Structure formats: structure tokens, C-alpha cells
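Chain by chain, the residues:
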Amino acid sequence: MKPLHTFESPAALRRALETGKITGVILWRGASYFDGEPVVFVATKFRDDSENEKTGEMVQTFILPDPIAAGIEVKGARPAKIIAWLKATGAKSICGDCPHAWRYNESTGEYGKGTCYVREYQSPAAVLGAVARRLRGESDSYAIAGVDFPETWIPEIGRGRDIRVGSYGDPAAVPAAVSVDFVKHASGRTGYTHFWKSAVRLARENARALSDIVMASADSPRDVENARALGFRAFYVVPHGSIGDGRDVLANARKLGATLCPASKEFEVATGNRTNCQACGICSGSTGKGARARDVLIPDHSATKGVRPCPAAAGILDRIGV
């Protein structure tokens, strides 16, 4: 791979990112820890101009298929045509056996969209298109670790930044050490992994090496208990309406041993206040800002109206007198 950039120091690289001279960095390229397929680990949004109300102005990281190896179509400056790849592969290399990932439909012979809230044709497709153009030498908008700058600079790139680990894709699909290095000097972070309970041993072990810096994504009270036993803090998503509404949600979250996500609409309804992930920062894994905080709970906003309450959560609440 031909270098396209020369930086005299990590500070110069950070300036290039913060001023928009380059739009991101490819932190790592290699085999997925889930299925061995080629993937890339990318960091973007260093300019503090995010319009994401929930996350705030955080550096975003994406775990994506290697667009060249995967043969994903990219034309001109347009986003990558990622949907065809998703239908064919179910995004296994980056999402693995996450319960919210794409699901195979025997009647169509393709994978279909699961319950994941991410709209893949938006930011992931745009970032993937930019990656493809850089890898083909058509654009210098990205700098590549080990090509345009030393990999030893990765901790310095994240210095003083608020970082979201795994804006799309599971961070445990790539080496845990890269994420750990990237957030080493960060001012704050958030991150989540479902791979802590993956059926694939390599993915599972890699996820557990991230317990200090990311949350274990949990889908049941049993998940929360198991995650805690492994040294994780949990981020527990419950069906919308399953633990009440209004101020009840705040109280019932506490009775389940969790904190209602302060960046959620439900928290605003219950308290009259609302923050964002950048300002909050308690989804930092077992260390960092959230080290002494409870697990975090949030109602599932992808659920349809009228969804039946989660039997497990409802049962626990019944037993504790709610």
C-alpha cells in the first residue's frame, strides 16, 4: 500500500484530523475475530461538528468489511452499496452472532434486517465508500496506520478525545489491543459488545479482553448476571414499556440494580433533564467514568407500540413489589 501522507508527529496528525485536512484514520486491517473474513477498523468525526443528539461530539469508530476484498461496489464519491453485501453475508464478519443482527430468510435465500437500530445505508455506507477510495489510491482523505503513520501513534491520536468504540460493528471483531490503545489517553469513551457471549471462542475471548473499556450488551436479566460474573458492567436493553413509563421507569430501573440511561427520552420524561453520551460517559466499561456506576438500562426504541412486556423483567419487578 502506497503512503499518501507525511506527518512529522502525532500532534500534526491530530491537527490534520481536527481541521478536516483528512477525515479519518484506518486504525487496522485484518481478519475478523468471528469468521476470519477481511475487515477494517476506522475512526472518523474528529472535527467536533457532530449532529448526533444522543452521542454528542464523539469520535466515531466503525468495524466494516474490507470493501476491496469483499467486492463491494463503490462508484465515484457515492456511499458504498453495502446492502447487497449485507443480504449475502448477514454481516457475520463484523456483527457475528449478535441477536439483533441480520437474519437468514430461507424463503428468500437472503439475510434480512434484524432489530439493530443502525441504518447501514447511511454513515456505515458513507465511511465504507471513503475507505474503498483510499485503498484504491483514488483519495487521500484517510490516513492508514502502519502506512501513513506508525502504529505506535494510535494512543496519541485519541488523546483528549471522547471516543465511541463500535459506532457500527462489534469492537471485538478486531483486536482488543487496538481499541485499548486508541482510548488509552481519551478524555471519555463509550462502547458495547455482544461478543462477550459469542458461540465463537476467539471472538468471545477477544471481547472479554475489552471488559475494562466497553459494556456487555445484555438482553435479559440472566445476561446481566453472567456479564457481571465475567467482570463486565452491563448495558441492558428491555422491551419498550416493559418496566412502566414516566417516573416509574427510573424507579424500576433502580430496583433492577441499574441506572436508566441519562441520554434516553425516558430519563428526560422521568426527571425533566437529559444529557448525551459525551457528557455522561458512564458506559465506559468496568473502568473510567462509570467504574463505580451501576449497570445501565434503556428501553428498546426499535420495538413497536403495544409490545408485550419482557416476562423476565416483569417477573423480577413483581417479586420485589412493583
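All figures in this text were calculated on a predicted structure; none of them were measured in a lab.

Here is what the cut-offs are and how they apply
Residues numbered from 1 in each chain as written. Predicted model: local features only at pLDDT ≥ 70, side-chain atom pairs only at ≥ 80, totals over all residues. Heavy atoms only, no water. Buried < 20%, exposed > 50% of the residue type's maximum accessible area, 1.4 Å probe, protein only. Helix = DSSP H or I, 4+ residues; strand = E, 2+ residues; numbered from the N terminus. Pairing = 2+ DSSP bridges. Salt bridge = Lys/Arg side-chain N within 4 Å of Asp/Glu carboxyl O. Axes fitted to C-alpha atoms, helices over the stretch in contact; angles between N-to-C directions. pLDDT = per-residue confidence, 0-100. Contact = heavy atoms within 4.5 Å. Right-handed = clockwise from strand over helix to strand, strands pointing away. Disulfide = S-S within 2.5 Å. Arc of directions from axis to C-beta. Core = buried A, V, L, I, M, F, W, Y, C linked by side-chain atoms within 4.5 Å. Phe/Tyr/Trp six-rings, centres within 6.5 Å; stacked < 30°, edge-to-face > 60°.

Quick look at the pairing of strand β2 (residues 38-44) now. For β2, the tally of buried residues reaches 6 of 7 residues, placing the bulk of the element in the interior. As judged from the 7 bridges shared by strand β1 (residues 24-31) and β2, these two strands associate in the antiparallel manner. By the bridge assignment, Trp28 is partnered in β2 with Phe41. Where β1 folds back on β2, the antiparallel hairpin that results is connected by 6 residues, among which Gly36 adopts a positive phi of roughly 80 degrees.

Attention now moves to the pattern of salt bridges. For the structure on display, the rule yields 16 salt bridges. Ionic pairing is found between Glu73 and Lys81, a salt bridge with its closest N-O pair at 3.7 Å. Two residues, Glu205 and Arg201, come together in a salt bridge whose shortest N-O distance is 3.1 Å. Of the two residues, Glu205 and Arg201 both sit in helix α8 (residues 201-208), 4 residues apart, roughly one turn of that helix. Among the residues examined, Arg201 registers a relative accessible area of 57% and is labelled exposed. Taken together, the salt bridges that share partners define one network made up of Arg14, Glu156 and Arg159.

Taken together, the 10 strands give an open sheet; going across it, the order is β6-β1-β2-β3-β7-β8-β9-β10-β12-β11, and neighbouring strands pair in mixed fashion. Every other strand in the sheet has two partners, leaving β6 (142-144) and β11 (258-260) as the edge strands with one partner each. Taken pair by pair, the neighbouring strands of this sheet meet at an average axis angle of 30 degrees, ignoring direction. Relative to strand β10 (residues 234-239), strand β9 (residues 215-218) is paired through 3 bridges, and the arrangement is parallel. In the strand pairing of β10, Ala216 is matched with Ala234.

Looking at the chain, the pLDDT average stands at 90 and 91% of residues meet or exceed 70. Across residues 303-322, where pLDDT falls below 50, the model places 22 contacts with residues more than four positions away in sequence or in other chains.

A few words on the pairing of strand β8 (residues 188-193). Consecutive residues of a regular strand have side chains that alternate between opposite faces of the sheet. Within β8, 6 of the 6 residues are buried, which leaves the element mostly enclosed by the surrounding structure. Relative to β8, strand β7 (residues 162-168) is paired through 4 bridges, and the arrangement is parallel. From the neighbouring strand, Ile163 faces β8, where its bridge partner is Arg189. For the crossover that starts at β7, traverses helix α7 (residues 176-182) and ends in the parallel β8, the hand is right-handed. In this sheet, β9 lies alongside β8 in parallel orientation, the contact comprising 2 bridges.

Overall, the coordinates contain 0 disulfides when judged by the stated rule. We note that Cys98 lacks a disulfide partner, and the nearest cysteine sulfur, in Cys95, lies 6.5 Å from it. Taking relative accessible area as the criterion, Cys98 reaches 14% and is therefore assigned buried. This cysteine, Cys283, is not joined by any disulfide, and Cys261 carries the nearest cysteine sulfur, 6.2 Å off.

Once that is clear, we can look at the side chain of Asn206. Among the structural elements, Asn206 can be located in helix α8. Relative accessible area serves as the criterion here: at 8%, Asn206 is assigned to the buried category. Among residues more than four places away in sequence, those in contact with Asn206 are Tyr33, Ala172, Ala173, Val174, Pro175 and Ala176.

Further remarks concern α8. Ala203, Asn206 and Ala207 are the residues of α8 that are buried. Looking straight down α8, one finds that the buried residues subtend no more than 100 degrees of arc, so they occupy a single side. Considering only its buried residues, α8 is in contact with α7 and β8.

So, on to the nonpolar core. When a protein is soluble and globular, its nonpolar side chains tend to lie buried together. Among the nonpolar cores identified, the biggest contains 84 residues, and Leu13, Val25, Phe149, Tyr168, Phe182 and Leu297 are the most heavily contacted of them. The residues touching Val25, leaving out its near neighbours within four places in the chain, are Leu13, Leu17, Phe41, Val42, Ala43, Phe46, Tyr142, Ala143 and Phe149. Core analysis: the second largest hydrophobic core is formed by 9 residues, Tyr192, Met215, Ala263 and Ile298 among them.

Here the structure, examined in full by the defined rule, presents 5 aromatic pairs. On the numbers, 5.3 Å between centres and 70 degrees between planes, the contact of Tyr104 with Tyr111 is edge-to-face. When the centroid spacing of 6.4 Å and the interplanar angle of 50 degrees are considered together, the rings of Trp196 and Phe232 count as tilted. Placement of the pair is Trp196 in the loop between β8 and α8 and Phe232 in the loop between α9 (221-229) and β10, with a sequence separation of 36 residues. Phe232 sits in the buried class, given a relative accessible area of 4%.

At Lys45, a residue that is not glycine, the phi angle is positive and equals roughly 65 degrees. Using a relative accessible area of 44% as the deciding quantity, one classes Lys45 as partly exposed. In this structure, Ala91 is a non-glycine residue whose phi angle is positive, near 60 degrees. Tracing the sequence through the fold places Ala91 in the loop between α3 (82-89) and α4 (92-95).

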